[in-house]
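Inside the fold
Given next are the chains, with one letter for each unit.
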Amino acid sequence: MGLVVALAPPLARFARSAAVGVAAAFVVTLVQCSSTRGSSGSGVTGAAQNEADGGSVAYPTGHIGTAARGLDANGNPNKAPGDVITDFKFLGYPNADTSNGLQTIALADYYDPSASKHKVLHIIAAAAWCTPCVQETTTLLADLAAPATDFEAEGVVYLQALVEGTTDNLGATPADLNAWISEEHPTFSEVLDPEGMTLGVFFNAASVPFNADIDVRSMEVLQTGTGYEDPAAVKVWIDWVANNPPAYSE
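Now for a look at the structure at hand. (Residues numbered from 1 in each chain as written. Predicted model: local features only at pLDDT ≥ 70, side-chain atom pairs only at ≥ 80, totals over all residues. Heavy atoms only, no water.)

What follows is about the sheet that holds strand β12 (residues 210-215). Strand pairing in a sheet relies on backbone hydrogen bonds, with the paired strands running either antiparallel or parallel. Ordered by their spatial adjacency, seven strands build an open sheet running β7-β6-β10-β9-β8-β12-β13, and the pairing between neighbours is mixed. Each having just a single partner strand, β7 (103-106) and β13 (220-226) make up the two edges of the open sheet. Strand after strand, the sheet turns through a mean of 30° between neighbouring axes, direction not considered. Each of β6 (89-93), β8 (120-127), β9 (156-164) and β10 (189-192) is contacted by helix α2 (residues 174-184), which is oriented at about 155° to β10, the strand it contacts most. (Pairing = 2+ DSSP bridges. Helix = DSSP H or I, 4+ residues; strand = E, 2+ residues; numbered from the N terminus. Axes fitted to C-alpha atoms, helices over the stretch in contact; angles between N-to-C directions. Contact = heavy atoms within 4.5 Å.)

Moving on to the pattern of salt bridges. The tally for this structure, following the rule as stated, stands at five salt bridges. Put simply, Lys89 and Asp87 hold a salt bridge, and the shortest N to O gap is 3.3 Å. Side by side, Lys89 and Asp87 carry an identical accessibility label, which is buried. (Salt bridge = Lys/Arg side-chain N within 4 Å of Asp/Glu carboxyl O. Buried < 20%, exposed > 50% of the residue type's maximum accessible area, 1.4 Å probe, protein only.)

So, on to empty space enclosed by the protein. Counted according to the given criterion, the structure contains two cavities of 30 Å³ or more. Lining the largest cavity are His122, Ile124, Glu136, Leu140, Tyr158, Asn211, Glu229, Asp230 and Pro231. Among the elements of the structure, β8 and α1 (131-144) are those that each provide at least two residues to the lining of the largest cavity. Among the residues making up the lining of the largest cavity, the classes are represented as four nonpolar, two polar and three charged. (1 Å grid on protein atoms, 1.4 Å probe; cavity = no way out; pocket = protein on both sides within 12 Å on 5 of 7 lines; lining within 4 Å. Points joined across faces, edges and corners; volume = space filled by probe spheres on them. Nonpolar A, V, L, I, M, F, W, Y, C, P; charged D, E, K, R; others polar.)

This part covers the pairing of β13. Of all the seven residues making up β13, five are buried; the element is thus mostly covered by neighbouring parts of the structure. When β12 meets β13, the two strands line up antiparallel, connected through six bridges. Considered in β13, the bridge of Asp215 is made with Glu220. The hairpin turn running from β12 into β13, its antiparallel successor, is four residues long, and Met219 in that turn takes a positive phi close to 65°.

The tendency in soluble globular proteins is for nonpolar side chains to be buried side by side. Within the largest apolar cluster, 47 residues are counted, with the highest numbers of intra-cluster contacts made by Ile85, Leu107, Leu121 and Met219. Taken together, the elements giving at least two residues each to this core come down to β6, β7, β8, α1, β9, α2, β10 and β12. Apart from residues lying up to four places away in sequence, Met219 is in contact with Tyr59, Pro60, Asp83, Val84, Ile85, Leu107, Tyr111, Leu121 and Ile214. In terms of nonpolar packing, the next biggest core, distinct from the first, is built from 18 residues, Val120, Val234, Trp240 and Val241 among them. (Core = buried A, V, L, I, M, F, W, Y, C linked by side-chain atoms within 4.5 Å.)

Structure, rendered in C-alpha coordinates:
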(Lines give C-alpha, C1' and ligand atoms only; values in the text may rest on other atoms or scores of the structure.)
Protein backbone atom coordinates (compact mmCIF):
# COMPACT_ATOMS: atom_id res chain seq x y z
CA MET A 1 0.00 0.00 0.00
CA GLY A 2 1.05 3.60 -0.42
CA LEU A 3 2.00 6.23 2.05
CA VAL A 4 -1.51 7.62 2.22
CA VAL A 5 -4.62 5.46 2.19
CA ALA A 6 -7.88 6.85 0.88
CA LEU A 7 -10.79 4.59 1.67
CA ALA A 8 -13.59 4.14 -0.80
CA PRO A 9 -16.71 2.03 -0.19
CA PRO A 10 -16.19 -1.47 -1.62
CA LEU A 11 -18.23 -1.97 -4.76
CA ALA A 12 -20.08 -5.24 -4.96
CA ARG A 13 -19.14 -6.04 -8.55
CA PHE A 14 -17.70 -4.19 -11.52
CA ALA A 15 -18.45 -4.50 -15.19
CA ARG A 16 -15.30 -4.23 -17.30
CA SER A 17 -16.50 -0.91 -18.68
CA ALA A 18 -17.13 0.75 -15.30
CA ALA A 19 -15.23 3.96 -14.60
CA VAL A 20 -12.51 3.92 -11.99
CA GLY A 21 -10.61 6.91 -10.66
CA VAL A 22 -6.85 6.78 -10.77
CA ALA A 23 -5.09 7.34 -7.43
CA ALA A 24 -2.55 10.14 -7.20
CA ALA A 25 1.11 9.30 -6.70
CA PHE A 26 1.86 7.59 -3.37
CA VAL A 27 -1.88 7.24 -2.72
CA VAL A 28 -3.71 3.94 -2.56
CA THR A 29 -7.43 4.08 -3.28
CA LEU A 30 -9.05 0.96 -1.94
CA VAL A 31 -11.42 0.40 -4.83
CA GLN A 32 -11.61 -3.29 -5.40
CA CYS A 33 -13.67 -5.89 -7.20
CA SER A 34 -15.70 -8.40 -5.24
CA SER A 35 -17.09 -11.61 -6.59
CA THR A 36 -19.25 -13.95 -4.56
CA ARG A 37 -16.66 -16.42 -3.37
CA GLY A 38 -12.98 -17.01 -2.72
CA SER A 39 -10.78 -19.90 -1.68
CA SER A 40 -7.25 -20.85 -0.80
CA GLY A 41 -5.29 -24.05 -1.20
CA SER A 42 -1.96 -25.67 -1.86
CA GLY A 43 -1.39 -24.22 -5.31
CA VAL A 44 0.12 -25.60 -8.49
CA THR A 45 2.80 -28.20 -8.00
CA GLY A 46 5.91 -27.83 -10.11
CA ALA A 47 9.49 -29.00 -10.17
CA ALA A 48 11.55 -27.89 -7.17
CA GLN A 49 13.31 -24.61 -7.86
CA ASN A 50 14.93 -23.74 -4.56
CA GLU A 51 18.48 -23.08 -5.76
CA ALA A 52 18.43 -19.41 -6.65
CA ASP A 53 20.93 -16.58 -6.92
CA GLY A 54 23.36 -18.46 -9.14
CA GLY A 55 22.41 -21.82 -7.68
CA SER A 56 24.40 -21.29 -4.49
CA VAL A 57 21.79 -20.38 -1.88
CA ALA A 58 18.67 -22.39 -1.04
CA TYR A 59 15.35 -20.65 -0.50
CA PRO A 60 14.83 -19.72 3.17
CA THR A 61 12.71 -22.07 5.26
CA GLY A 62 12.48 -20.14 8.53
CA HIS A 63 9.99 -17.50 9.65
CA ILE A 64 7.43 -18.66 7.06
CA GLY A 65 4.04 -16.95 7.27
CA THR A 66 1.78 -14.28 5.84
CA ALA A 67 2.26 -11.30 8.17
CA ALA A 68 3.64 -8.15 6.53
CA ARG A 69 5.99 -5.53 7.99
CA GLY A 70 3.61 -2.79 6.86
CA LEU A 71 3.64 0.95 7.40
CA ASP A 72 3.06 2.94 10.56
CA ALA A 73 0.59 5.81 10.95
CA ASN A 74 3.10 8.19 9.39
CA GLY A 75 3.59 6.05 6.32
CA ASN A 76 7.01 4.75 7.40
CA PRO A 77 7.99 1.06 7.41
CA ASN A 78 7.47 -0.59 10.79
CA LYS A 79 10.49 -1.82 12.71
CA ALA A 80 9.04 -5.29 13.37
CA PRO A 81 9.75 -7.57 10.39
CA GLY A 82 7.15 -9.41 8.40
CA ASP A 83 7.13 -13.16 7.76
CA VAL A 84 8.89 -14.96 4.92
CA ILE A 85 6.65 -15.90 2.02
CA THR A 86 6.43 -19.58 1.09
CA ASP A 87 8.22 -20.66 -2.07
CA PHE A 88 5.01 -20.81 -4.06
CA LYS A 89 5.09 -22.33 -7.53
CA PHE A 90 2.81 -21.49 -10.43
CA LEU A 91 2.32 -22.35 -14.08
CA GLY A 92 2.76 -19.37 -16.36
CA TYR A 93 4.81 -17.48 -18.89
CA PRO A 94 8.17 -15.91 -17.98
CA ASN A 95 8.19 -12.31 -19.20
CA ALA A 96 4.71 -12.93 -20.67
CA ASP A 97 6.31 -14.89 -23.52
CA THR A 98 3.80 -17.56 -24.58
CA SER A 99 5.97 -19.04 -27.34
CA ASN A 100 7.44 -21.80 -25.16
CA GLY A 101 4.18 -22.80 -23.49
CA LEU A 102 3.36 -22.84 -19.80
CA GLN A 103 6.33 -23.22 -17.50
CA THR A 104 6.84 -23.55 -13.77
CA ILE A 105 7.59 -20.20 -12.17
CA ALA A 106 8.61 -20.28 -8.51
CA LEU A 107 9.17 -17.50 -6.03
CA ALA A 108 12.63 -19.01 -5.58
CA ASP A 109 13.37 -17.71 -9.06
CA TYR A 110 13.30 -14.22 -7.53
CA TYR A 111 15.25 -14.95 -4.34
CA ASP A 112 18.39 -12.78 -4.48
CA PRO A 113 20.23 -12.55 -1.12
CA SER A 114 22.77 -10.08 -2.47
CA ALA A 115 20.14 -7.97 -4.28
CA SER A 116 22.40 -8.12 -7.31
CA LYS A 117 19.49 -8.44 -9.73
CA HIS A 118 16.50 -6.91 -7.94
CA LYS A 119 15.49 -5.23 -4.69
CA VAL A 120 11.73 -5.78 -4.47
CA LEU A 121 9.39 -8.38 -5.91
CA HIS A 122 5.95 -6.88 -6.53
CA ILE A 123 3.18 -9.49 -6.80
CA ILE A 124 -0.22 -8.64 -8.27
CA ALA A 125 -3.31 -10.86 -8.34
CA ALA A 126 -5.96 -9.81 -10.85
CA ALA A 127 -9.13 -10.91 -12.62
CA ALA A 128 -9.83 -10.08 -16.26
CA TRP A 129 -13.42 -9.00 -15.48
CA CYS A 130 -12.29 -6.57 -12.76
CA THR A 131 -12.06 -2.94 -13.87
CA PRO A 132 -9.66 -1.81 -11.09
CA CYS A 133 -7.39 -4.74 -12.02
CA VAL A 134 -7.33 -3.65 -15.65
CA GLN A 135 -6.84 0.00 -14.63
CA GLU A 136 -3.97 -0.86 -12.31
CA THR A 137 -2.25 -2.98 -14.97
CA THR A 138 -2.69 -0.31 -17.64
CA THR A 139 -1.29 2.38 -15.34
CA LEU A 140 1.64 0.19 -14.33
CA LEU A 141 2.60 -0.59 -17.92
CA ALA A 142 2.40 3.09 -18.84
CA ASP A 143 4.64 3.99 -15.89
CA LEU A 144 7.19 1.30 -16.74
CA ALA A 145 7.38 2.62 -20.30
CA ALA A 146 8.34 6.12 -19.10
CA PRO A 147 11.93 6.68 -17.92
CA ALA A 148 10.82 8.89 -15.01
CA THR A 149 8.61 6.14 -13.58
CA ASP A 150 10.46 3.00 -14.65
CA PHE A 151 10.40 1.17 -11.32
CA GLU A 152 12.06 -1.87 -12.89
CA ALA A 153 15.14 0.28 -13.47
CA GLU A 154 15.06 1.07 -9.73
CA GLY A 155 15.12 -2.61 -8.77
CA VAL A 156 11.52 -3.83 -8.86
CA VAL A 157 10.58 -7.08 -10.59
CA TYR A 158 6.91 -7.86 -11.24
CA LEU A 159 4.88 -11.07 -11.13
CA GLN A 160 1.17 -11.00 -11.96
CA ALA A 161 -1.21 -13.87 -11.20
CA LEU A 162 -4.56 -14.20 -12.99
CA VAL A 163 -7.17 -15.44 -10.53
CA GLU A 164 -10.26 -15.34 -12.77
CA GLY A 165 -10.95 -14.67 -16.42
CA THR A 166 -13.76 -12.57 -17.86
CA THR A 167 -16.41 -14.34 -15.76
CA ASP A 168 -16.28 -14.02 -11.98
CA ASN A 169 -16.45 -17.16 -9.86
CA LEU A 170 -14.70 -19.16 -12.59
CA GLY A 171 -11.04 -19.87 -12.00
CA ALA A 172 -8.65 -18.59 -14.64
CA THR A 173 -7.64 -21.08 -17.35
CA PRO A 174 -4.68 -21.10 -19.74
CA ALA A 175 -7.02 -19.69 -22.39
CA ASP A 176 -7.92 -16.84 -20.03
CA LEU A 177 -4.25 -16.10 -19.38
CA ASN A 178 -3.47 -16.12 -23.10
CA ALA A 179 -6.34 -13.70 -23.74
CA TRP A 180 -5.22 -11.43 -20.87
CA ILE A 181 -1.69 -11.25 -22.25
CA SER A 182 -2.99 -10.62 -25.77
CA GLU A 183 -5.19 -7.77 -24.59
CA GLU A 184 -3.09 -6.12 -21.89
CA HIS A 185 0.38 -6.66 -23.41
CA PRO A 186 2.25 -7.05 -20.10
CA THR A 187 6.05 -7.08 -20.15
CA PHE A 188 6.51 -9.05 -16.91
CA SER A 189 5.87 -12.68 -15.97
CA GLU A 190 2.26 -13.86 -15.88
CA VAL A 191 1.02 -16.92 -14.03
CA LEU A 192 -2.20 -18.78 -13.27
CA ASP A 193 -3.64 -18.87 -9.74
CA PRO A 194 -7.25 -20.07 -10.28
CA GLU A 195 -9.54 -18.73 -7.54
CA GLY A 196 -6.47 -17.68 -5.56
CA MET A 197 -5.63 -21.29 -4.76
CA THR A 198 -2.09 -20.24 -3.79
CA LEU A 199 -2.06 -16.52 -3.01
CA GLY A 200 -5.46 -16.88 -1.34
CA VAL A 201 -3.64 -17.47 1.96
CA PHE A 202 -3.02 -13.70 1.90
CA PHE A 203 -6.40 -12.40 0.77
CA ASN A 204 -9.98 -13.34 -0.01
CA ALA A 205 -9.89 -14.34 -3.67
CA ALA A 206 -13.29 -12.69 -4.08
CA SER A 207 -11.61 -9.29 -3.69
CA VAL A 208 -9.10 -8.12 -6.26
CA PRO A 209 -6.69 -6.66 -7.14
CA PHE A 210 -4.23 -7.86 -4.51
CA ASN A 211 -0.75 -6.38 -4.24
CA ALA A 212 2.29 -7.49 -2.24
CA ASP A 213 5.87 -6.30 -1.94
CA ILE A 214 8.62 -8.78 -1.06
CA ASP A 215 12.24 -8.09 -0.05
CA VAL A 216 14.10 -10.42 -2.45
CA ARG A 217 17.13 -10.61 -0.10
CA SER A 218 15.18 -12.58 2.52
CA MET A 219 11.74 -13.01 0.89
CA GLU A 220 10.26 -11.03 3.78
CA VAL A 221 6.70 -9.86 3.21
CA LEU A 222 6.96 -6.07 3.32
CA GLN A 223 3.42 -5.03 2.43
CA THR A 224 0.13 -6.60 1.33
CA GLY A 225 -3.30 -5.23 0.52
CA THR A 226 -6.35 -5.45 -1.70
CA GLY A 227 -7.68 -2.66 -3.87
CA TYR A 228 -6.29 -0.47 -6.63
CA GLU A 229 -2.72 0.52 -5.82
CA ASP A 230 -0.84 3.31 -7.51
CA PRO A 231 2.36 1.83 -8.95
CA ALA A 232 4.43 4.56 -7.26
CA ALA A 233 3.54 3.10 -3.84
CA VAL A 234 6.39 0.62 -4.28
CA LYS A 235 8.96 3.41 -3.97
CA VAL A 236 8.83 3.39 -0.17
CA TRP A 237 10.02 -0.23 -0.24
CA ILE A 238 12.67 0.37 -2.90
CA ASP A 239 14.15 2.98 -0.57
CA TRP A 240 13.78 0.80 2.52
CA VAL A 241 15.62 -2.13 0.96
CA ALA A 242 18.36 0.19 -0.29
CA ASN A 243 18.94 1.64 3.19
CA ASN A 244 18.34 -1.27 5.57
CA PRO A 245 19.79 -4.76 6.06
CA PRO A 246 17.53 -7.75 5.41
CA ALA A 247 15.40 -8.87 8.31
CA TYR A 248 16.65 -12.45 8.03
CA SER A 249 19.82 -14.02 6.69
CA GLU A 250 19.68 -17.70 5.83
